[in-house]
Amino acid sequence: MGGADWHGLGVVHEYALKVLRERLPDTPLIIDAGLGLPSQAAQVMEWGFDGVLLNTAVSRSGDPVNMARAFALATEAGRAAFEAEPVQAREQARASTPTVGQPFWHSAEY
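Residues numbered from 1 in each chain as written. Predicted model: local features only at pLDDT ≥ 70, side-chain atom pairs only at ≥ 80, totals over all residues. Heavy atoms only, no water.

Chemist: Can you tell me about the overall build of the protein chain, naming the residues and giving the values?
Modeler: Each helix and strand counted, the protein chain has four helices and two strands in total. When the 110 residues of the protein chain are sorted by exposure, 25% land in the buried category. In the protein chain, once contacts between residues fewer than 6 apart in sequence are set aside, the share between residues at least 24 apart is 53%. Entry remark: accessible area of the protein chain is about 8500 Å², with carbon and sulfur atoms responsible for 54%. (Helix = DSSP H or I, 4+ residues; strand = E, 2+ residues; numbered from the N terminus. Buried < 20%, exposed > 50% of the residue type's maximum accessible area, 1.4 Å probe, protein only. Contact = heavy atoms within 4.5 Å. Areas by Shrake-Rupley, 256 points an atom, 1.4 Å probe, with all protein chains shown as cover.)

Shown next, in the form of structure tokens:
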């Protein structure tokens, strides 16, 4: 009897992975199973992981060369997003204009 077949499901234990990354901030961490789409690779890179290890998602795709390129671009984009320190998600909206109710070009700064 073989092990679980997690190919292509993406991140199954999101909370656990985020906690692991948070608790080991200086340890290089690489995701090594389950990713099936480039967007999933971008997601884990946005969380601060250091890389992804792929095989099945690329080798079994209809166009492995193009899929490998897509994963490369996705991991690069995800890492860039992590390094850019994205805004924190909130449950309530907050105005992003300098003065509530006025367009930004009415601000004294401009």
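Chemist: Describe helix α1 (residues 14–23), with residues and values.
Modeler: Taken together, the buried positions of α1 are occupied by L17, V19 and R21. Buried residues in α1 make contact with β1 (30–31).

Chemist: Outline the pattern of salt bridges, supporting the account with residue identities and numerical values.
Modeler: Under the defined criterion, the tally for this structure stands at four salt bridges. Between E83 and R79 there is a salt bridge, with its nearest N and O atoms 3.1 Å apart. Here the residue E83 and the residue R79 both occupy positions in helix α4 (residues 64–83), the gap between them amounting to four residues, near one helical turn. Here R79 falls in the partly exposed class, since its relative accessible area comes to 24%. Counted as one network, the salt bridges with shared partners bring together R21, D50, R79 and E83. (Salt bridge = Lys/Arg side-chain N within 4 Å of Asp/Glu carboxyl O.)

Chemist: I'd like a description of the layout of surface pockets, backed by residues and values.
Modeler: The space that makes up the largest pocket amounts to roughly 210 Å³. Along its surface, the largest pocket is lined by 10 residues, and G10, V11, V12, H13 and A33 are the ones closest to its centre. A breakdown of the residues in the lining of the largest pocket according to their chemical character gives seven nonpolar, three polar and no charged. If you go around the second largest pocket, the residues you meet are E46, W47, F82, E85, P86, V87 and Q88. Split into classes, the residues belonging to the lining of the second largest pocket amount to four nonpolar, one polar and two charged. (1 Å grid on protein atoms, 1.4 Å probe; cavity = no way out; pocket = protein on both sides within 12 Å on 5 of 7 lines; lining within 4 Å. Points joined across faces, edges and corners; volume = space filled by probe spheres on them. Nonpolar A, V, L, I, M, F, W, Y, C, P; charged D, E, K, R; others polar.)

Chemist: I'd like a description of the nonpolar core, backed by residues and values.
Modeler: Judged by nonpolar contacts, L17, L29, I31, L35, A41, V44, W47, F49, A57, V58 and F71 together constitute the single largest core of 11 residues. Mapped onto this core, the elements with two or more residues apiece are α2 (38–46) and α3 (56–59). Here F49 is in contact with L17, R21, L29, I31, V44 and R79, once residues within four sequence places are set aside. (Core = buried A, V, L, I, M, F, W, Y, C linked by side-chain atoms within 4.5 Å.)

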